[in-house]
Structures are given as C-alpha cells and as structure tokens.
Amino acid sequence: QVQLVESGGDLVQPGGSLRLSCAASGNIFGINVMGWYRQAQGKERELVAVITSRGSTNYADSVKGRFTISRDNVQNTVYLQMNSLKPEDTAVYYCNADVMDGSGWLPVIYWGQGTQVTVSS
C-alpha cells in the first residue's frame, strides 16, 4: 500500500501565495506521473497541474503563469507553488500519483486526502 499525505493548505488573501506539499510513502518501486487536482464546492474535480518523473509539466489554463509544480524524486514528494491567488482558486486540493507498488505490472493510481485552500479577504 501507498499513502499520499498533503500539507500546506490555508486561508490566504487574494494576491497571496501558498506552497502545497504531498509526500508519498509505502511500497514504492517507482512513480511516473504526480499531479494536483482540485474540487471546489458544488463542482467536479479538475486537473490543476501534473509532472512526469523526467520533469515534463502540464497546467490547466486557469493557473498557467501563476502556479508551478515541481517534484523531488528521491523524497517521492510533489509540490505546488501557488502565486497571485484568486478567490476562484478556493477548493480542496488533492495530490495524485501513478505508482508502481509491486502489486502487478501496471501502475496504480493513488490519491491523498485533500487539503483546503481558501482565498478570501
């Protein structure tokens, strides 16, 4: 089994910054893609940003230029630096990882429990 634990969510004023972290632990033989998703109240979960083990990234249009995803492959940790935050960024942010956990030939997708980000004055 693999656990993903997020941290860093908080209440922040518009224009402020936050850094989210997500650490993966457990039976890990390798992680390909790691990413961040978010779900605002009453809305579906949506992709925020993803990063491959080689560092290739992809972002939702709504966060391009404001958010930066990065990862530490040794620590199995992914980060999301969020700048110029807007009220519409308010959501629960979930970490996601595509993990080779030894259970089979294919990677297994794991999710964290979520961390609340609230942008409000």
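As a convention, each chain's residues are numbered from 1 in the sequence order in which they are written. Two thresholds apply to this predicted model, a pLDDT of at least 70 for residue-level local features and 80 or more for giving and counting side-chain atom pairs, whereas whole-chain, interface and lining totals are computed over all residues. Note that water and hydrogens are dropped before the side-chain values are worked out from all heavy atoms of the structure.

**Section: the state of the cysteines**
This is how the line gets drawn: Whenever a pair of cysteine sulfur atoms sits within 2.5 Å, that pair is classed as a disulfide. Only DSSP runs of H or I covering at least 4 residues are called helices, and only runs of E covering at least 2 are called strands; the numbering of each starts at the N terminus. Exposure classes here rest on a 1.4 Å probe applied to the protein chains alone. A residue is buried below 20% of its type maximum, exposed above 50%, and partly exposed in between.
Across all of its chains, the model carries one disulfide by this definition. The disulfide partner of Cys22 is Cys95, and the gap between their sulfur atoms is 2.1 Å. Measuring handedness by torsion sign, the sulfur bridge of Cys22 and Cys95 sits at about -80° and is left-handed. Residue Cys22 is found in strand S3 (residues 18-26), and its partner Cys95 is found in strand S9 (residues 91-100); the two are separated by 73 residues along the sequence. Residue Cys22 shares its accessibility class with Cys95, and that shared class is buried.

**Regarding the sheet that holds strand S1 (residues 2-7)**
Within a sheet, each strand pairs with its neighbour through backbone hydrogen bonds, oriented either parallel or antiparallel. This is how the line gets drawn: Note on pairing: two strands pair once DSSP finds at least 2 bridges between them. Angles shown run from 0 to 180 degrees and are taken between the N-to-C directions of axes, each axis being a line fitted to C-alpha atoms and, for helices, limited to the stretch in contact.
Taken together, four strands build an open sheet; the order of strands is S1-S3-S8-S7 and the sheet is antiparallel. The strands lining the two open edges of the sheet, one partner per strand, are S1 and strand S7 (67-72). Going across the sheet, the axis of each strand differs from the next one's by a mean of 15°, ignoring polarity. In this structure, S3 lies alongside strand S8 (residues 77-82), joined through six bridges in antiparallel fashion.

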